[in-house]
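Per-entry structural report
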Amino acid sequence: MKQVAFKMKLLPGNEEEYLRRHQEIWPKLAELLKQNGISEYSIFLDPETLDLFAVQTLNEHYNDLTLREHPIMKEWWEYMKDLMEINADYSPKTFPLKQVFYLP
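To start, this report covers the structure provided alongside it. Computed from a predicted structure; not experimentally measured.

What counts as what
Along each chain, residue indices are assigned from 1 in the same order as the chain's sequence is written. This being a predicted model, a pLDDT of at least 70 is required before a residue's local features are given, and a value of 80 or more before pairs of side-chain atoms are given or counted; all residues contribute to the totals for chains, interfaces and linings. Side-chain numbers come from the whole structure's heavy atoms, not from hydrogens or water. For every residue, the accessible area (1.4 Å probe, protein chains only) is compared with the maximum for its type, and the residue is labelled buried under 20%, exposed over 50%, or partly exposed between those bounds. Secondary structure follows DSSP: runs of H or I at least 4 residues long count as helices, runs of E at least 2 residues long count as strands, and numbering of each begins at the N terminus. One requirement defines pairing of two strands: DSSP has to find at least two bridges between them. Orientation is described by lines fitted to C-alpha atoms, with helices fitted over the stretch in contact, and by angles between N-to-C directions that extend from 0 to 180 degrees. Each angle is binned into one of four classes, with values under 35 degrees roughly parallel, values over 145 roughly antiparallel, values of 65 to 115 roughly perpendicular, and all other values oblique. Each crossing is labelled by how the near helix is turned from the far one, with a counterclockwise turn of less than a right angle marking it left-handed and a clockwise turn marking it right-handed. Between two residues, a contact is recorded if the distance between any of their heavy atoms is within 4.5 Å. Charged means Asp, Glu, Lys or Arg here, nonpolar means Ala, Val, Leu, Ile, Met, Phe, Trp, Tyr, Cys or Pro, and polar covers whatever is left, Gly included.

Next up on the list: the pairing of strand β3 (residues 51-58). Burial analysis of β3 places six of its eight residues in the buried class, the great majority of the element. Bridge count for strand β1 (residues 2-9) against β3 is eight bridges, and the pairing is antiparallel. Considered in β3, the bridge of K2 is made with L58. For strand β2 (residues 38-46) and β3, the ladder comprises eight bridges, and the chain directions are antiparallel. If you follow Y41 over to β3, its bridge partner there is Q56. From the end of β2 to the start of β3, which pair antiparallel, there are four residues, and L50 there has a positive phi angle of about 65 degrees.

The N-to-C vectors of helix α1 (residues 15-23) and helix α4 (residues 71-80) enclose an angle of 155 degrees; their axes lie 11 Å apart at closest approach. Here α1 lies roughly antiparallel to α4, going by the angle between them. The two elements α1 and α4 meet at a crossing, and its hand is right-handed. Residues Y18, R20, R21 and H22 of α1 form the contact with α4, whose participating residues are W76, Y79 and M80. Considering only residue class, the contact of α1 with α4 consists of four nonpolar, one polar and two charged.

Coordinates in, geometry out; function isn't part of it.
And the structure:
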């Protein structure tokens, strides 16, 4: 198992809608994430900067390529595209973060 962290950017005025959509996460999406090796996934919001900070715990079965190409993942990205900064394929723009401290 390993942890990864990254940032994303929420567009102004979308805080409540972003929260609502994640509180109603699609069961098929949650299952897809688990099946592809994400055992834990948290997202935090900095309300001053609108930065989204995500932390994922990945197991040995994690497969980013399969996940990125899956129709459910693409459907979710399209559903979320109006709320955040995105790439041409509607995936969120992500900025990997380097771990500098860990206390087990």
